[in-house]
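One-letter residues, chain by chain:
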Amino acid sequence: MLNDKEAQDLLGFLTPEMRPDVKGQATAYILGLTGTKDGCRYLRGKPDFLKALLSLTSDASVAVVKDCYHALINLSADETLHEPMVKEANVLPRLFHNLLDPEYAFADRICTILTNLSRHEKTCKAVFRVLQEEGIGLAKIVEVFCTEGYNAKASLHYLGPLLSNLTQLPETRQFILDKNRCVVQRLLPFTQYEASTVRRGGVVGTLRNCCFDYAYHEWLLSDAVDILPFLLLPLAGPEELSEEENEGLPVDLQYLPEDKKREEDPDIRQMLIETVLLLTATKTGRQILKDKNVYPIMREFHKWEKDPHVVSSCEKLVQVLIGDEPEPGMDNLLEVNIPEDVEEKLRLWDAKEQEQLEKEKEEFLKTGCEGRAEIGEQRT
């Protein structure tokens, strides 16, 4: 690693006034450092290098700018660099300013950096605070995300995961679930956005996080939002259901065509099921899902699904849909207080289940899908 004199010399090359060829060699060297854990650890204590990289994102040389952004992406992927980048290097104001420029060619790289920096709650709060302090706000981020072609030079798909990360915070969830803003309604169509798995996954993650606030469940399931078809349609396939089953479904899920395809990404399918499962937390939510005839969709999905983790989540949802109602006092599953000894046992069982699922997934990847019992008929 560099000694103090070498570091000082290198820092002198990372200035706008330096010759382009020398600058290019210096930024390429820094980019190489950020590709290793030791290099990131070294730069963690060098905020001047972080500031220099940020400054050179405005350089006239495209090659230099690319190196700087790639280095910042690498650094932001390391959680231990988040605080130095946000506090000491103060990267957020400039990143947001450039992100909102509809002509800025490197906006996608900025989205990736912001997504990395907002993964964990502490720096996520800092990202949210700077959004407010810079006079940008969540409304602008949602507007940019929902405006197709906002930037002709960048797709901005990673604004989806950024929104998902920001919904860790109650302030973001309250904004998205504000009944007067119609934000959640604007996001719903992106659960079927074919052009980008990243954008779809970001929106589904956002909806899942928002559904932890069970006070909004009845509204989300009402005609005012009608969230259910947007969650179930990606999980529904071309299987032929009975006339009675079709008639009980929401209109958008009835009599689907023979070429209907399901969501291709298993992580997104998992999040979709988790979101629906969250909507069963309250008695009202469970009743609405039963009235909307969700079970046949999940029954056919279970027959089709191959990923062990997704299968397990599907089975948990089906058990809620066809099972008996909880005892009085346990109507809201998100409010149930579990004794510590029981909670510890549940954690151990969950760990064992996860271990078994990992083994099954490894076997599946090696030999193909193993046979499993299918979900049976619905209990009446």
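Residues numbered from 1 in each chain as written. Predicted model: local features only at pLDDT ≥ 70, side-chain atom pairs only at ≥ 80, totals over all residues. Heavy atoms only, no water.

Student: When you look at the pattern of salt bridges in this model, what are you seeing that I'm missing?
Tutor: A side chain with one charge can pair with a side chain of the opposite charge if their charged atoms come near. Enumeration over the complete set of coordinates arrives at 18 salt bridges. One salt bridge in this structure joins K122 and E83, with 3.2 Å as the shortest N-O distance. Separated by 39 residues along the polypeptide, K122 in helix α9 (residues 121–133) and E83 in helix α6 (residues 82–88) bring together distant segments of the chain. Residue K122 is classed as exposed on the basis of its relative accessible area of 59%. (Salt bridge = Lys/Arg side-chain N within 4 Å of Asp/Glu carboxyl O. Helix = DSSP H or I, 4+ residues; strand = E, 2+ residues; numbered from the N terminus. Buried < 20%, exposed > 50% of the residue type's maximum accessible area, 1.4 Å probe, protein only.)

Student: Please explain the packing of aromatic side chains as it appears in this structure.
Tutor: Any aromatic ring pair is given by two values, namely how distant the centres are and how the planes are angled relative to each other. Scanning all chains against the criterion turns up seven aromatic pairs. Measuring from ring centre to ring centre gives 6.3 Å for Y69 and Y104, while their planes differ by 75 degrees; the resulting arrangement is edge-to-face. Linking Y69 in helix α5 (residues 62–76) with Y104 in the loop between α7 (92–99) and α8 (107–117), this pair joins segments that are 35 residues apart in sequence. For Y69, a relative accessible area of 0% gives the class buried. We classify Y104 as buried; its relative accessible area is 13%. (Phe/Tyr/Trp six-rings, centres within 6.5 Å; stacked < 30°, edge-to-face > 60°.)

Student: Can you help me understand the nonpolar core in this one?
Tutor: Nonpolar side chains in soluble globular proteins generally cluster together in the buried interior. Within the largest apolar cluster, 113 residues are counted, with the highest numbers of intra-cluster contacts made by F96, L99, I227 and M298. At eight residues, the largest contribution of residues to this core is made by α5. Among the domains, domain 1 (10–89) and domain 2 (213–335) are the pair contributing at least three residues each to this core. Setting aside chain neighbours within four positions, we find F96 in contact with L114, V127, V130, L131, I136 and I141. (Core = buried A, V, L, I, M, F, W, Y, C linked by side-chain atoms within 4.5 Å. Domains from an automatic or database assignment. Contact = heavy atoms within 4.5 Å.)

Student: Any chance you could explain unusual backbone geometry here in plain terms?
Tutor: Backbone phi values are negative for most residues with the exception of glycine, while trans is the configuration of most peptide bonds. Of note in the backbone geometry, N90 takes a positive phi value of approximately 50 degrees without being a glycine. Structurally, N90 can be placed in the loop between α6 and α7. A residue is classified by how much of its surface remains accessible, and N90, at 42% relative accessible area, is partly exposed. Although it is not a glycine, N293 sits at a positive phi angle of roughly 65 degrees. Among the secondary structure elements, N293 is positioned in the loop between α19 (283–291) and α20 (294–304).

Student: Please clarify how the environment of L95 should be interpreted in this entry.
Tutor: Inspection of the secondary structure assignment puts L95 in helix α7. Residues L95 and T57, 38 residues apart in the sequence, show an inter-C-alpha distance of 9.5 Å. If we ignore the near neighbours within four places in the chain, the residues touching L95 are L54, Y69, I110, I113 and L114.

Student: Where do I start with the packing of helix α1 (residues 4–13) against helix α4 (residues 47–55) in this structure?
Tutor: Helix-helix packing is characterised by the crossing angle of the two axes and by the distance between the axes. Running from N to C, α1 and α4 cross one another at 15 degrees; their axes reach a closest spacing of 10 Å. Between α1 and α4, the angle falls in the class roughly parallel. Between α1 and α4 the crossing geometry is left-handed. Of α4, the residues touching α1 (which contributes A7, L10 and L11) are D48, F49 and A52. In terms of residue class, the contact of α1 with α4 is built from five nonpolar, no polar and one charged. (Axes fitted to C-alpha atoms, helices over the stretch in contact; angles between N-to-C directions. Parallel < 35°, antiparallel > 145°, perpendicular 65-115°, else oblique. Left-handed = near helix turned anticlockwise from the far one by under 90°. Nonpolar A, V, L, I, M, F, W, Y, C, P; charged D, E, K, R; others polar.)

Student: Help me understand the side chain of S164, please; the structure alone is not making it clear to me.
Tutor: Take S164: it is sitting in helix α11 (residues 159–166). With residues up to four places along the chain from it excluded, the contact list for S164 reads G202, G205, T206 and N209.

Student: What am I meant to see in helix α3 (residues 37–44) here?
Tutor: Residues lying three or four places apart along an α-helix face the same way, a consequence of the helix completing one turn every 3.6 residues. Among the residues of α3, those classed as buried are G39, C40, Y42 and L43. Seen along its axis, α3 keeps its buried residues to an arc of 160 degrees; they face one direction. Looking at the packing, one finds that the buried side of α3 touches α1, α2 (20–34), α4 and α5. (Arc of directions from axis to C-beta.)

Student: Explain the confidence of the model for the protein to me, please; I cannot follow it from the model alone.
Tutor: When pLDDT is low, close inspection of the predicted coordinates is not appropriate. Across the protein, pLDDT averages 89, with 85% of residues at or above 70. Contacts of residues 369–373 to residues separated by more than four positions or lying in other chains number seven contacts, the stretch itself having pLDDT below 50. (pLDDT = per-residue confidence, 0-100.)

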